[in-house]
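Coordinate inspection notes
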Amino acid sequence: MSTPLTPSTPPPNDIEKDSQINTQRHTEVAASLNQNQHTAALEIPPALLQRYVTAIPRYTSYPTAPQFSEQYSPDHYRQQARSSNETLMPRNLSLYVHVPFCHSLCYFCGCNKVITQAENTQKGNHKVNQYVDNLLYEIDLRSTLFDDDRRLSQIHFGGGTPNFLNKTQLAEIVERIASRFHLDLPSRLEIGIEIDPRSIDGNGIVKLADIGFNRFSIGVQDFADNVQRAVNRVQDEGKTLEVIAAASEVSNSVNVDLITGLPLQTSKSFAHTLERVVNAGVSRIAAYNFAYLPERIKAQKLINRKDIPSVEQRMEIVEITRTTLLNAGYLHIGMDHFALPQDSLAQALQNNTLQRNFQGYTTNATTDLVGVGASAISQFKYSFAQNHTQLSNYNSAIAAGQLPIARGVTLDNDDVLRAHIIQEIMCRNSIDLQRNTWDIVEASEKVTLADYFSAELTSLERCIEDGLVEISSNSMKITPLGAYFRRQMASQFDAYLATNTHISPSFRSKHTNPSCQKSENVVKFSQAL
Amino acid sequence: MPLGIAKTDVELLENLIQSSETLQVNDAIFQQGERFSKVYAVKSGTFKSSRIDGQGNEHVTAFHLPGELIGLDGIYPDTYSSTTIALDTAVLCSMDYDELTQLCTSIPALQRQLLRLLSRDIYESYKANAENADHTAAQKLASFLNNLSTRYELRGYSALSFNLAMSRQDIASHLGLTPETVSRLLKRFKHDGLIDIENRHIELKDAGGLNALIACANG
């Protein structure tokens, strides 16, 4: 299924999953509910799994992070912010806050993090206090770029370990956001946080709810002792369940992150973890596939290679996860995400309002994403921008009073159209191919998506034969089986993948010629009179 | 070419036209105060004319669509009264004004057509002044959309489905509203089923409803 089930060398795009996306993954608890999906488990033929076992980006963005360039400057970002204000009906905003600190190193983690031994006491510690001050300053800087009617409808704290910060620090950041941005109505405002249950208890969760947090994502990974020791993340089952219970008391949206394919994991031991999580009644579960890439992610060198389960074992674990969750009444959202039918993400999939951004799947109508903190990614319709990843670089940019933007990419119309269809494939079961390109991008030729992407759609022939998708000139329908292969289908539309030879070289080498558009609009001077 | 001009006349006219020119977003045709010499016709794309007032504030005076002429307001002051820039990639052709007037003496039909166009501009501007005086914000925006629709239709484009190349700031400045009001009203029109708006693409779902709104005092 998804990313590398094999430890062979994946293409550079996979970096995205490991170092960029996971930094902001969270809300990635989504539901790809299939309208015609039965709770009974689907049979996924092993041959099919084998065929589609390749390293493919997770498409939380398109173009993917490896396309980001250091040519992109804070001025580019300011200009993008300005044009986003100038659109006819500007989008709402969502805000991501990155907190890189962690108490200890989890060996599987590819996120941007800083291991900090020094206690962050009630008074904080110097490094952490400085970071919080910088975050506050960055929030001020960013807020000045947006017009008064840009409502902020989603706030998310990710890490690292956001609950490394103490209650006072978190409250100060949330208050600063509230005073600088225009918050959406309380009933619509989501304030989410990723929780490491080792450094918080039930009381702590209640305190976070007092600050305003109403969505919790709790890192569990695996309850088995030997697995926890092998990845250096030992967390007591009872204590973790207490944190989950406390979160469920104060919020109707609790997500649990699990990881399949960790060292020493077996389908039997993981079945225990799944059972506990299901019994805890969490509304969303994300079961990520572990990508073992020790060459790229230094922390993973600390994992004993021989402890990694075999491909067959890993598939079995994935399969157990799927059947257990489907039998327990969860719906499959897409990729490795599951949610209960009453959960807002499951509803969003059904209502076709599901979205995907750097935080994973989200219910929010399309927003412009503002990322603050080291490594945080910001997103406009026509641009992505990423902050400095190194804490020292981030701190010095802020000290100089600058937007701490290190790299980014600007999208042209072709990119935006591809981003659109990739997003649809990642989030919907039925994709309208009769939509016109000019509904999606500005001043482009008016052609249907079916025509614009005819070569790409043809390249999906194998997927049609395999029963993953049905394609007509009107629509593309993803089957329940196909919902497990969304990335594979989406990747056929990625013009930056060198393997996609069906995409015209002019797009692959990038930058379309605007003068070839709009010839039909031309009138003669004599007709003007 | 309207009004039955003979073929040779058309040839004369086309000789006047200097070859067309492609402009990119924000490229200016002429600056406010520049000496008047040519009139321009939009072949494709959209243009925006604006004036800077004594306080340095920009006021959007007009938008120009494919098939329309730009610069006629420069005849009287002998300078261009606004700065005109392209809002998207656009194609334009130009005609020397002195040569155009000369040609008018030999082609009466052309002269009549030119006078008609000038008169239309005067008429539209009087009408707009009278209406805007007591129009609500919603009425101003509805009549703006209505006006674009009429102009597109006149040029053989769809009257009910078109792209708006201008920003909400531009529309707001043109109508004397705030940008936030423009967006709020567009949302309301969409909610009320008068229009559909996706990105920059506008669909007039209920042109009758829009007209009723313009006519109604409590729009």
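Whatever comes next refers back to the structure up there.
In this report, the structure presented in the accompanying data block is examined. Computed from a predicted model, the values in this text were never measured in an experiment. (Residues numbered from 1 in each chain as written. Chains lettered and ligands numbered in written order. Predicted model: local features only at pLDDT ≥ 70, side-chain atom pairs only at ≥ 80, totals over all residues. Heavy atoms only, no water.)

1. Considering the overall build of chain B
Helix and strand content of chain B: seven helices and 11 strands. Across its three principal axes, chain B shows a C-alpha extent of roughly 55 × 40 × 30 Å. Excluding contacts between residues fewer than 6 apart, the proportion of contacts in chain B whose partners are at least 24 apart in sequence is 69%. Accessible surface, chain B as shown: approximately 10700 Å² in total, 49% of it carbon and sulfur. Counting 20 positive and 27 negative side-chain charges, chain B places the centres of these two groups 4 Å from one another. (Helix = DSSP H or I, 4+ residues; strand = E, 2+ residues; numbered from the N terminus. Contact = heavy atoms within 4.5 Å. Areas by Shrake-Rupley, 256 points an atom, 1.4 Å probe, with all protein chains shown as cover. Lys, Arg positive; Asp, Glu negative; His and termini not counted. Charge placed at Lys NZ, Arg CZ, Asp CG, Glu CD.)

2. Here we look at the state of the cysteines
Within the structure shown, the criterion is met by zero disulfides over all chains. C109 of chain A supplies the cysteine sulfur nearest to C111 of chain A, a cysteine that is in no disulfide, at a spacing of 3.5 Å. (Disulfide = S-S within 2.5 Å.)

3. Digging into the nonpolar core
In terms of nonpolar packing, the biggest core is built from 129 residues, with Y77, F157, I173 and F213 of chain A touching the most fellow members. Listed in part, the 32 residues of the second largest apolar core include V60, L164, A172 and V182 of chain B. (Core = buried A, V, L, I, M, F, W, Y, C linked by side-chain atoms within 4.5 Å. Buried < 20%, exposed > 50% of the residue type's maximum accessible area, 1.4 Å probe, protein only.)

4. Some remarks on the sheet that holds strand β5 (residues 58-64) of chain B
All names here are of chain B. Pairing in this open sheet of four strands is antiparallel, and the strands run β2-β7-β4-β5 from one edge to the other. Of all the strands in the sheet, just β2 (28-30) and β5 have a single pairing partner and so form its edges. Direction aside, neighbouring strands of the sheet carry axes that sit 30° apart on average. Pairing geometry for β2 and strand β7 (residues 83-86), over two bridges, is antiparallel. Following the sheet pairing, A28 is matched in β7 by I85. Against the sheet, helix α5 (residues 168-175) contacts β4 (47-52) and β5, and its axis sits at roughly 100° relative to β5. (Pairing = 2+ DSSP bridges. Axes fitted to C-alpha atoms, helices over the stretch in contact; angles between N-to-C directions.)

5. Some details on the packing of helix α6 (residues 202-211) of chain A against helix α8 (residues 237-250) of chain A
Residues and elements named next belong to chain A. Direction vectors running N to C along α6 and α8 enclose 30°, while the axes themselves pass 8 Å from each other. Between α6 and α8, the angle falls in the class roughly parallel. Of the two possible hands of crossing, α6 and α8 adopt the one that is right-handed. Residue-level contacts link G202, I205, V206 and A209 of α6 to E242, V243, A246, A247 and V250 of α8. Here the contact of α6 with α8 is composed, by residue class, of seven nonpolar, one polar and one charged. (Parallel < 35°, antiparallel > 145°, perpendicular 65-115°, else oblique. Left-handed = near helix turned anticlockwise from the far one by under 90°. Nonpolar A, V, L, I, M, F, W, Y, C, P; charged D, E, K, R; others polar.)

6. Some thoughts on the sheet that holds strand β10 (residues 195-198) of chain B
Residue and element names in this part refer to chain B. Pairing is antiparallel across the open sheet formed by three strands, whose spatial order is β9-β11-β10. Edge positions in the sheet fall to β9 (161-163) and β10, since each has one partner strand and no second. This sheet shows a mean twist of 20° between the axes of neighbouring strands, independent of strand direction. Where β10 meets strand β11 (residues 201-204), four bridges bridge the pair, whose relative direction is antiparallel. Among the inter-strand pairings, D196 is bridged to a residue of β11, identified as E203. Sheet strands touched by helix α6 (residues 179-191): β10 and β11. Its angle to β10, the strand with the most contacts, is close to 120°.

7. Observations regarding the pattern of salt bridges
For side chains of opposite charge, pairing can occur when their charged atoms come near one another. The final tally for this structure, using the stated rule, is 29 salt bridges over all chains. The partner of R435 of chain A in a salt bridge is E198 of chain B, and the shortest N-O contact between them spans 3.7 Å. A residue pair is termed interchain when its members come from two chains, as with R435 of chain A in the loop between β18 (430-432) and α14 (449-452) and E198 of chain B in strand β10. On the basis of relative accessible area, E198 of chain B is assigned to the partly exposed category, the value being 35%. When the shortest N-O distance is used, the salt bridge between R151 of chain B and E68 of chain B registers 2.8 Å. Residue R151 of chain B is located in helix α4 (residues 137-154), and its partner E68 of chain B is located in the loop between β5 and β6 (69-70); the two are separated by 83 residues in the primary sequence. Each of R91, R150 and D368 of chain A takes part in salt bridges that share partners, so that together they form one network. (Salt bridge = Lys/Arg side-chain N within 4 Å of Asp/Glu carboxyl O.)

8. Considering helix α13 (residues 413-427) of chain A
Residue and element names in this part refer to chain A. With 15 residues, α13 extends 21 Å between its outermost C-alpha atoms, agreeing within 8% with the 21 Å of an ideal straight helix rising 1.5 Å per residue. A large share of α13 lies buried, amounting to 14 of its 15 residues. You can read the cap of α13 off the contacts: a side-chain oxygen lies 3.1 Å from the backbone nitrogen of D414, and it is on D412. (Expected span 1.5 Å × (residues − 1). Polar contact = N/O pair within 3.5 Å; in protein donor to acceptor, adjacent residues only side chain to side chain.)

9. Topic: the packing of α4 of chain B against α5 of chain B
All names here are of chain B. Close contact between α4 and α5 brings their axes to 11 Å; oriented N to C, the two are set at 110°. In terms of orientation, α4 and α5 fall into the roughly perpendicular class. Judged by residue contacts, K140, L141 and F144 of α4 engage I171, H174 and L175 from α5. A per-class count over the contact of α4 with α5 returns four nonpolar, one polar and one charged.

10. A few points about helix α9 (residues 267-279) of chain A
Residues and elements named next belong to chain A. Helix length check: α9, at 13 residues, gives a terminal C-alpha distance of 18 Å against a target of 18 Å (1.5 Å per residue), a fit within 8%. The set of residues buried in α9 consists of S267, S269, F270, T273, L274, V277 and V278. In the segment just after α9, G281 is the residue with positive phi, at about 75°.

11. Some words on the side chain of Q169 of chain A
Residues and elements named next belong to chain A. Within the secondary structure, Q169 sits in helix α5 (residues 167-180). Separated by 3.1 Å, the side chains of Q169 and N129 make a polar contact. Among residues more than four places away in sequence, those in contact with Q169 are N120, G124, V128, N129 and V132.

12. Considering the environment of L481 of chain A
Looking at the secondary structure, you find L481 of chain A in the loop between β20 (475-478) and α17 (486-490). Taking C-alpha positions, L481 of chain A is 7.1 Å from I44 of chain A, a pair spaced 437 residues apart along the chain.

13. Section: the environment of H98 of chain A
Residue and element names in this part refer to chain A. Looking at where H98 falls in the secondary structure, it is placed in strand β1 (residues 92-99). With a relative accessible area of 0%, H98 lands in the buried category. Each C-alpha atom, one on H98 and one on V372, is 6.3 Å from the other, the two residues being 274 residues apart in sequence. Polar side-chain contacts of H98 include one of 2.8 Å to the side chain of Y96.

14. Comments concerning the packing of aromatic side chains
Within this structure, the stated rule accounts for 18 aromatic pairs over all chains. Ring geometry for F146 of chain A versus F380 of chain A: centroids 6.3 Å apart, planes at 40°, classification tilted. You can see F146 of chain A sitting in the loop between α4 (126-143) and β4 (151-159) and its partner F380 of chain A sitting in strand β15 (residues 377-380), a full 234 residues away along the chain. One exposure class covers both F146 of chain A and F380 of chain A, and it is buried. Judged by centre distance (5.4 Å) and plane angle (85°), the ring pair of F453 of chain A and F493 of chain A falls under edge-to-face. Here F453 of chain A is found in the loop between α14 and α15 (454-458), whereas its partner F493 of chain A is found in the loop between α17 and α18 (505-508), with 40 residues between them in sequence. The pair formed by F453 of chain A and F493 of chain A is uniform in burial state, with each residue classed as buried. Three or more aromatic residues joined by ring pairs form one cluster here, namely F30, F36, Y40, Y80 and Y97 of chain B. Geometry around Y77 of chain A places R142 of chain A over its ring, the cationic atom sitting 4.7 Å from the centre. (Phe/Tyr/Trp six-rings, centres within 6.5 Å; stacked < 30°, edge-to-face > 60°. Lys NZ or Arg CZ within 6 Å of the ring centre and 35° of its normal.)

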